[in-house]
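Spelled out from the first residue to the last, the chains are:
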Amino acid sequence: MAAASCPQSEDQFLCSICWDVFTDPVTIPCGHNFCKNCITEHWNISDQYLCPMCKKVFKTKTELYINTFISEMVAQFRQSAQQQVSSSSSEQQVSKPGEVPCDVCTGTKLKALKSCLVCLVSYCETHLEPHLTVLGLKRHQLIDPVENLEGRMCMKHDKPLELFCKTDHTCVCMLCTVLDHKTHDVVPLREEYDEKRAELGKTEDEIQQVIQKRQLKIEELKQSVRLSKENADREIAEGVQVFTSLKESVERGLDELIDTIEEKQKTTEKQTEVFIKELEQEISELMKRSTEVEQLSRSEDHLHFLQSFSPLKDVPTTKDWTELSVPPASYEGSVVRAVAQLEETLSKEMKKLIEAELKRVQQYAVDVTLDPDTAHPNLILSDDGKQVNHGDVRKTLPDNPERFKAICVLGKQSFSSGRFYYEVQVQEKTKWTLGVARESINRKENIPLSPEDGYWTIWLRNRNRYKALTGPGVYFHLKRKPQKVGVFVDYEEGLVSFYDVDAAALIYSFTGCSFTEKLYLYFGPCPNDGGKNSAPLIITPVKRRRKYW
């Protein structure tokens, strides 16, 4: 019942022995009140007559009389409480399908508010009242209403499942611990509940950490997509700019070519027109003389004939046109020169692009050193691991699995993802080999360098013969001899590119490579060649270029 809504406090009418509302209340000499039966039984089992409240001892058993005043007050209290309960019950909800009904209600089942794990009964608000007011029932464990409370009883002993067997990982009753689980590790349900709940808390924390990691990974992937989109937009913009410039150059070159040819043609036409006009003028004068001669030859007037003969007997003097000719205008070389001009423009644009590309890949520069455990015994490495050259004396070194039989050395650092870039000085060398190699390459045999065998390299031989070692190999010509070679690798893209750093020129690119292992930097300084190739390969710090060509 809701005590706050009653006119008197419920505590005023509770017997301190049974802790229930007074039944036949009596008052003993010290002034304290009890149920008549409660105090009588208390004195019957005690060897002295004392008050359970103040502990005052009476010499003789006092005659007990019902306190009519308190009895009337208790009656009024019970009536008021009953009215309050009836009013509250009328406002309670009837149990609906899917809701737990009250097990005590008869007739219309009201919705249960709580289930008691001790009584194994579900109660509506009205029938829950004793569990909220009676001291003994207040100790019972109430939970949100649940169905099938019978499932909380031991099917074998018909006792509440109050304990947990840690040995068999099952809930048991008190009798189970004496009979079937006598030697097992048994703890109260609450203790196991707290332990398992703590474990769930840890699990929840771990789950939240995993969720956070996944969320961070999602953000990382989204950021990667955003960066990729920005890179794509930038590349598209640069591509549009370059190709627009090239298109304009082509159109401008074509217009200039057409204008030049048409201008030559017009000049030829004008010159020819002048000659034709002069010839037509001479023809006109000759035709006039021909007419006069013809008319004179028909004259029968002897005197007139003889008088006119002398002026007309000779052909009029004209210009000598024998050697005159107007050859067709020559256009040979016009297209070639126009294309050459276009090629020069394209070369300049390519220079800008390579310069920009080199500047971008240099941001992936890595600090690498040479690994002495992989070096051929004839190679000499500097103390800082940045230089290597071939020596004439073969050192005595342990033939460990990493060491090469070929004249080369690998870098210490390995790469299995992402992008990386490094630069090597090759100045004054007549031969060298540079690139990358996979971890599982054969180090104990002199096998050809090729992608099939795990090498992506280029080399210089005989001072000016350059070759990309693609299997059969591809020779190529360079306008100038590189003094410093830059090597860039994009692991996921399968790209290995070589650059002439000083000239900002692309030397060669391996594309469409399939990398599945760790990659190591490969350095081949080649034999000393009697001192002609004594200069070392030097790993140099990367200095980014500051201008475009």
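Residues numbered from 1 in each chain as written. Predicted model: local features only at pLDDT ≥ 70, side-chain atom pairs only at ≥ 80, totals over all residues. Heavy atoms only, no water.

Draft legend 1. Region of interest: the pattern of salt bridges. Going through the model one piece at a time under the given rule, you end up with 19 salt bridges. The shortest N-O distance in the salt bridge between Arg 190 and Asp 194 comes to 3.7 Å. Taken as a pair, Arg 190 and Asp 194 lie in helix H6 (residues 189–297) at a separation of four residues, close to a single helical turn. By relative accessible area, which is 53% here, Arg 190 ends up exposed. (Salt bridge = Lys/Arg side-chain N within 4 Å of Asp/Glu carboxyl O. Helix = DSSP H or I, 4+ residues; strand = E, 2+ residues; numbered from the N terminus. Buried < 20%, exposed > 50% of the residue type's maximum accessible area, 1.4 Å probe, protein only.)

Draft legend 2. Molecular detail of helix H1 (residues 36–44). Those residues of H1 that sit buried are Cys 38, Ile 39 and Trp 43. Buried positions in H1, seen along its axis, are confined to an arc of 125 degrees and lie on one side of it. With respect to the buried face of H1, the exposed residues turned more than 90 degrees away are Asn 37, Glu 41 and Asn 44. Structurally, H1 contributes buried residues whose contacts are with strand E1 (25–27), strand E2 (33–35), strand E3 (49–50) and strand E4 (57–58). (Arc of directions from axis to C-beta. Contact = heavy atoms within 4.5 Å.)

Draft legend 3. Focus on the nonpolar core. Counting residues in hydrophobic clusters, the biggest one holds 36 residues, and the most contacted among them are Trp 432, Val 496 and Phe 523. Setting aside anything within four residues of it in sequence, one finds Val 496 in contact with Val 436, Trp 456, Val 487, Phe 488, Val 489, Tyr 508, Ser 509, Phe 510 and Phe 515. Judged by nonpolar contacts, the second largest core, of 18 residues, contains Leu 14, Val 26, Ile 28 and Ile 39. (Core = buried A, V, L, I, M, F, W, Y, C linked by side-chain atoms within 4.5 Å.)

Draft legend 4. Summary view of the side chain of Asn 400. Position of Asn 400 among the secondary structure elements: in the loop between strand E12 (387–390) and strand E13 (409–415). By relative accessible area, Asn 400 is classed as buried at 15%. Excluding residues that lie within four positions of it along the chain, Asn 400 makes contacts with Asp 373 and Lys 444.

Draft legend 5. Representation of the environment of Asp 314 within the structure. In this structure, Asp 314 sits in the loop between helix H7 (302–312) and helix H8 (334–361). Along the sequence, Asp 314 and Arg 234 sit 80 residues apart, while their C-alpha atoms lie 86 Å from each other.

Draft legend 6. Broad picture of the packing of aromatic side chains. Applying the stated criterion across every chain, the model contains 16 aromatic pairs. Here Phe 275 and Trp 321 contribute two aromatic rings whose centre-to-centre distance is 6.2 Å and whose plane-to-plane angle is 75 degrees, an arrangement assigned as edge-to-face. In this pair, Phe 275 sits in helix H6 while Trp 321 sits in the loop between H7 and H8, placing the two residues 46 residues apart along the sequence. Trp 321 shares its class with Phe 275; the two are buried. Pairing Trp 456 with Phe 515 gives two aromatic rings, centres 5.0 Å apart and planes at 80 degrees, and the pair type is edge-to-face. Separated by 59 residues along the polypeptide, Trp 456 in strand E16 (residues 455–461) and Phe 515 in the loop between strand E21 (505–510) and strand E22 (519–524) bring together distant segments of the chain. (Phe/Tyr/Trp six-rings, centres within 6.5 Å; stacked < 30°, edge-to-face > 60°.)

Draft legend 7. Quick peek at the packing of H6 against H8. Packing of H6 against H8 leaves a shortest axis separation of 9 Å and a crossing angle of 165 degrees. Considered as vectors, H6 and H8 are oriented roughly antiparallel to each other. Crossing of H6 over H8 shows right-handed handedness. Contacts between H6 and H8 involve Arg 234, Glu 235, Glu 238, Val 242, Ser 245, Leu 246, Ser 249, Val 250, Leu 257 and Lys 264 from the former and Ser 334, Val 335, Ala 338, Leu 342, Thr 345, Leu 346, Glu 349, Leu 353 and Arg 360 from the latter. (Axes fitted to C-alpha atoms, helices over the stretch in contact; angles between N-to-C directions. Parallel < 35°, antiparallel > 145°, perpendicular 65-115°, else oblique. Left-handed = near helix turned anticlockwise from the far one by under 90°.)

Draft legend 8. Summary view of the sheet that holds strand E9 (residues 170–172). Pairing is antiparallel in the open sheet, where three strands are placed in the order E9-E8-E10. Taken across any chain shown, the strands that pair with only one partner, and hence form the sheet edges, are E9 and strand E10 (186–188). Here the average twist between neighbouring strands, direction ignored, is 35 degrees. Strand direction decides the pairing type here: strand E8 (residues 163–165) and E10, joined by three bridges, are antiparallel. Within the sheet, the bridge partner assigned to Cys 165 lies in E10 and is Val 186. (Pairing = 2+ DSSP bridges.)

Draft legend 9. Representation of the environment of Ile 207 within the structure. Its location among the elements puts Ile 207 in helix H6. Residue class for Ile 207 comes out partly exposed when judged on its relative accessible area of 40%. Measuring from C-alpha to C-alpha, the distance between Ile 207 and Glu 357 comes to 44 Å, with 150 residues separating the pair along the chain.

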